[in-house]
Amino acid sequence: MKPLDMIGGSAALETIVDAFYHQVIGDEELAPFFTDTDMRRMRAKQKGFLLMALGSPVLYTGRDLDEAHARLRAQGMGPHHVEKVIGLVINILEGAGVPVQIVDHVRTVLEASKRSVLGLESGMKGSLAAADQDASDLRESCQKATGVFLGRVRLDPELKAFFSSRDGSDLSALFAPPRSSSLQTMILEIVARARGDETAYTEADYGKQHAWLVDGGLNTLLYNRTIDHLIAALAEVGLKPDLLARVGATARALRSNMLAKGDPTVSDLVRVEESVASSLEEYLRLTEKKGGLTLYRGHADAHRWPLTPGLGRLAGPNSALSLGRFGSWHELEDYILTRFQRHAAQYPPNLPGTKIDWLVLGQHHGLPTRLLDWTENPLVALYFALEQNLQTESSVWVMEPRYVYSIDIDFEKINHIEVYFPKAIDQRIVSQRGCFSVQPLPNGCSPFVPIDENQELINEGLSRLSRIVIPNCRQTTARMMAQINRLGIDGNFIYPGLDGLGRQITTDILADVIRM
């Protein structure tokens, strides 16, 4: 049974911690020690400590009990006060109906911690370290990863500029204690979530702890860059690829709470459902159809490529092209499409007759449009995710659309995501079982928000949007690519003709090198 289940679940834990601090604040001997204390942080630590006492392996990882209670000892805390706190905890557990054997176990752990709390021993050793060696190694790895992570942030020009501008401090001051301790704790909390362990911090806690950064302008792109460095730091200290992939998925799943500063009423960011596939078998299980139309899109880089169409990337925040000179996204699209139509007249014998088919033709030949390519075949999407082997996590997006068309689309009335199945203008589209998502353009010069971050678009046009992350591992990537090649999804299939032949020979050579 999980530690949290032993006491009746998360609601029971919240009740116990609430009751504990209510009694502490009401006690004339104990209350003075907590006058200037951040009670939210203390509550989180208390939850973590209780879970650790119940045997959860990787939760309470703040400073050693000795150091954590040094301020209270300086204020006069002694053995009498510690005994009183232990008594309060035990009485509350008994009052909450926690089984006697569990109460006795917690009492034993608390009694064993007294010497550390009073500064008579250092470290959370002994019964507090009853967690297995794997948990101990993981705590040590996260401690090392914190230093590596901060080093990587200092070398990233964009993140260094952002963090250094928060309050006029340099990075050394910004991440000095207590924030460096909080950062290490947060990294371990994320890893614990990824492992499936119970954690002391709620999603709202995660948002509130990052509020100072969000207030300073932290956005999705900067957050994703930060997660990139976190994954790289954890990889450097030896975390396994499967766990790294789950850490990445966990951190990205927490993104909306972080950017919403823990406020559950804020929903401007999409909570994208994420899963991890470290083998073709896992991937096929995750993409098993459950009825209805399901579409897939592969991304070679899981972090830097959101669901933004080429038109949005052309004049986006990281582009040298200014949208202002065109007045609006609609004018930019008309300008691009008009030029394409004028010069395309000299090429194909059968030119399109509708705007959507012109956009499809342009998209097919590299024109930046509002369209995004999708496929009905999950193996085709996986090929695109793995093809470039960028030595980073790759991903496959999965969506279930509400609106599907194979005829013209009324661009004047479109206000949600629609899917268009084009005519067979090229053998490549036929082989790839390709189709396109079409979305409304932003009003005026408003930012082009990626589909995966636009809750309104998803609610209106999609039944579901999720993502499958492929771990950053050369062997995993090569093995999965070789398997789908054997199933007939190779360069020759994806790109019929000499282009595909050339791509497939390159893929075969790289696979041979990795196996050597």
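Read on for an overview of the structure. Positions within a chain are numbered from 1, following the residues in the order the chain's sequence is written. Given that this is a predicted model, residues contribute local features only at a pLDDT of at least 70 and side-chain atom pairs are listed and counted only at 80 or more, while totals for whole chains, interfaces and linings are drawn from all residues. Water and hydrogen atoms were dropped before computing side-chain values, which therefore reflect all heavy atoms in the structure.

1. Considering the pattern of salt bridges
So, point 1. When a carboxyl oxygen of Asp or Glu is within 4 Å of a side-chain nitrogen of Lys or Arg, the pair counts as a salt bridge. Counted by the stated rule, this structure contains 9 salt bridges.
So, point 2. Here Asp27 and Lys84 are joined by a salt bridge, their closest N and O atoms 3.0 Å apart. In this pair, Asp27 sits in the loop between α2 (10-25) and α3 (39-53) while Lys84 sits in helix α6 (residues 79-95), placing the two residues 57 residues apart along the sequence.
So, point 3. Residue burial is assigned from relative accessible area. The probe radius is 1.4 Å, only protein chains are included, and a residue is buried under 20% of its type maximum, exposed over 50%, and partly exposed in between. The exposure class of Asp27 is buried, given its relative accessible area of 14%.
So, point 4. Classification of Lys84 by relative accessible area gives partly exposed; the value is 27%.
So, point 5. The closest approach of N and O atoms between Glu333 and Arg370, which form a salt bridge, is 2.7 Å. Taken together, the positions of Glu333 in helix α19 (residues 329-344) and Arg370 in the loop between α20 (355-364) and β3 (372-375) put the pair 37 residues apart, joining distant regions of the chain.
So, point 6. Residue class for Arg370 comes out buried when judged on its relative accessible area of 2%. Here a helix means four or more residues in a row that DSSP labels H or I, a strand means two or more in a row labelled E, and each is numbered from the N terminus.

2. Observations regarding α19
Working note: α-helix, 3.6 residues per turn, so residues spaced by three or four point in the same direction.
So, point 1. How far a helix is expected to stretch is found by multiplying one less than its residue total by 1.5 Å. Over its 16 residues, α19 extends 22 Å from the first C-alpha to the last, a length consistent with the 22 Å expected when each residue adds 1.5 Å.
So, point 2. Turning to α19, its buried residues number three or more, namely Trp329, Leu332, Glu333, Ile336, Leu337, Phe340 and Ala344. One face of α19 carries all of its buried residues, which in axial projection span an arc of 120°.
So, point 3. The contact rule is simple, with two residues in contact once any of their heavy atoms fall within 4.5 Å. Buried residues along α19 sit in contact with α18 (310-314) and α20. The arc in question is the one traced by the directions running from the helix axis out to the C-beta atoms.

3. A short note on the pairing of strand β4 (residues 394-401)
So, point 1. Within β4, 7 of the 8 residues are buried, which leaves the element mostly enclosed by the surrounding structure.
So, point 2. Strand pairing requires that DSSP identify at least two bridges connecting the strands. Relative to β4, strand β2 (residues 295-299) runs antiparallel, the two being bridged by 5 bridges. By the bridge assignment for β4, Tyr296 is matched with Val398.
So, point 3. Here β4 pairs with strand β8 (residues 462-470) via 8 bridges, running antiparallel. When the sheet's bridge partners are listed, Val398 is paired in β8 with Ser466.

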